[in-house]
Amino acid sequence: PNEPHLNFLMGWSYLHDHEASKAIPYLEKSVSSDPTQLTALFSLGVARYEQGDYAAAIDTINKASGKGLSSWQAQWILASSYLRMGNYEQARRHAEEALKIDGKKARPVQLVLGQALAGLGLREQAIKVFSAYLKENSHDPEAPKVRAMVARLSAPVPPTPDPAPVPASATVSASAPA
């Protein structure tokens, strides 16, 4: 169909049924026909996230945010995408923003924040975030995994051996890429 709202509904329906690959073409048509549809743009970002295309999800959600979308869910998708890409600082920033927007509804974002903090080496902060999550969600299906993460983070870290000295012949030449 050529109607942007109908394409959005078709795409959203497929996305709701966890069929992101079928949702994406409809959502892309909807957004290309009417770029002001923030819900369609957000849904396209979610579909791309579900497909594992985290860079495209980030790009799409950022476009929606640039057009005025401000929701904890958008920040959650951004945080989760950055986490999966190993960009822990951006994951942390967006998870914190999601919690700032709506801390009560955004409780699952605490798991992303905890993982980002752990990835940054901020073990104590990660433990605090995970512990707060467990306090409020002790019967959550994810609780055993979170408890295991807390146990791993609480374990003593073995000391790192001193690095071997770098020989003078191993210096970087001026033509080497930075």
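Our subject is the structure that appears above.
Heads up: these notes are all about the structure in this document. (Residues numbered from 1 in each chain as written. Predicted model: local features only at pLDDT ≥ 70, side-chain atom pairs only at ≥ 80, totals over all residues. Heavy atoms only, no water.)

Here we come to the overall build of the protein chain. Counting its regular elements, the protein chain contains 9 helices and 0 strands. Along its sequence from the N terminus, the protein chain presents helices and strands in the succession α-α-α-α-α-α-α-α-α. Per-residue burial over the protein chain gives 38% buried out of 178 residues. Intrachain contacts of the protein chain at a sequence separation of at least 6 include 47% that bridge at least 24 residues. About 10,700 Å² of surface is accessible on the protein chain, with carbon and sulfur atoms providing 56% of the total. (Helix = DSSP H or I, 4+ residues; strand = E, 2+ residues; numbered from the N terminus. Buried < 20%, exposed > 50% of the residue type's maximum accessible area, 1.4 Å probe, protein only. Contact = heavy atoms within 4.5 Å. Areas by Shrake-Rupley, 256 points an atom, 1.4 Å probe, with all protein chains shown as cover.)

Looking now at unusual backbone geometry. A positive phi is found at His18, a non-glycine position, where the angle reads about 60°. If you trace the backbone, His18 turns up in the loop between helix H1 (4-16) and helix H2 (20-33).

Along the polypeptide, Asp34 turns up in the loop between H2 and helix H3 (38-50). Buried charge without a partner: Asp34 forms no salt bridge, and the closest opposite charge is Lys67, 8.0 Å away. (Lys, Arg positive; Asp, Glu negative; His and termini not counted. Salt bridge = Lys/Arg side-chain N within 4 Å of Asp/Glu carboxyl O.)

A word on the packing of aromatic side chains. Applying the stated criterion across every chain yields a total of 3 aromatic pairs. Relative to Tyr26, the ring of Tyr14 has its centre 5.8 Å away and its plane inclined at 20°; by these criteria the two rings are stacked. Linking Tyr14 in helix H1 with Tyr26 in helix H2, this pair joins segments that are 12 residues apart in sequence. Centroid distance Trp72 to Trp76: 5.5 Å. Interplanar angle 20°. Geometry classified as stacked. With Trp72 and Trp76 both in helix H5 (residues 72-84) and 4 residues apart, the pair spans about one turn of that helix. (Phe/Tyr/Trp six-rings, centres within 6.5 Å; stacked < 30°, edge-to-face > 60°.)

Moving on, we come to the layout of surface pockets. Counted as a void, the largest pocket has a volume near 210 Å³. Tyr49, Trp76, Ile77, Ser80, Leu83, Arg84, Pro108, Leu111, Val112 and Gln115 are the residues that line the largest pocket. For the lining of the largest pocket, the secondary-structure elements that each account for two or more residues are H5 and helix H7 (109-119). Among the residues forming the lining of the largest pocket, the class breakdown is 7 nonpolar, 2 polar and 1 charged. (1 Å grid on protein atoms, 1.4 Å probe; cavity = no way out; pocket = protein on both sides within 12 Å on 5 of 7 lines; lining within 4 Å. Points joined across faces, edges and corners; volume = space filled by probe spheres on them. Nonpolar A, V, L, I, M, F, W, Y, C, P; charged D, E, K, R; others polar.)

On to the environment of Asp53. Relative to the assigned elements, Asp53 resides in the loop between H3 and helix H4 (54-66). A residue is classified by how much of its surface remains accessible, and Asp53, at 38% relative accessible area, is partly exposed. Each C-alpha atom of the pair Asp53 and Met85 lies 9.9 Å from the other, and the pair is 32 residues apart in sequence.

This part covers the environment of Asp102. Within the secondary structure, Asp102 sits in helix H6 (residues 88-102). Along the backbone, Asp102 and Trp72 are 30 residues apart, and their C-alpha atoms lie at a distance of 6.3 Å.

Ranked by internal contacts, the top residues of the largest apolar core, which has 47 residues, are Phe42, Phe130 and Val146. If we ignore the near neighbours within four places in the chain, the residues touching Phe42 are Ile61, Ala64, Leu69, Gln73, Ala74 and Ile77. (Core = buried A, V, L, I, M, F, W, Y, C linked by side-chain atoms within 4.5 Å.)

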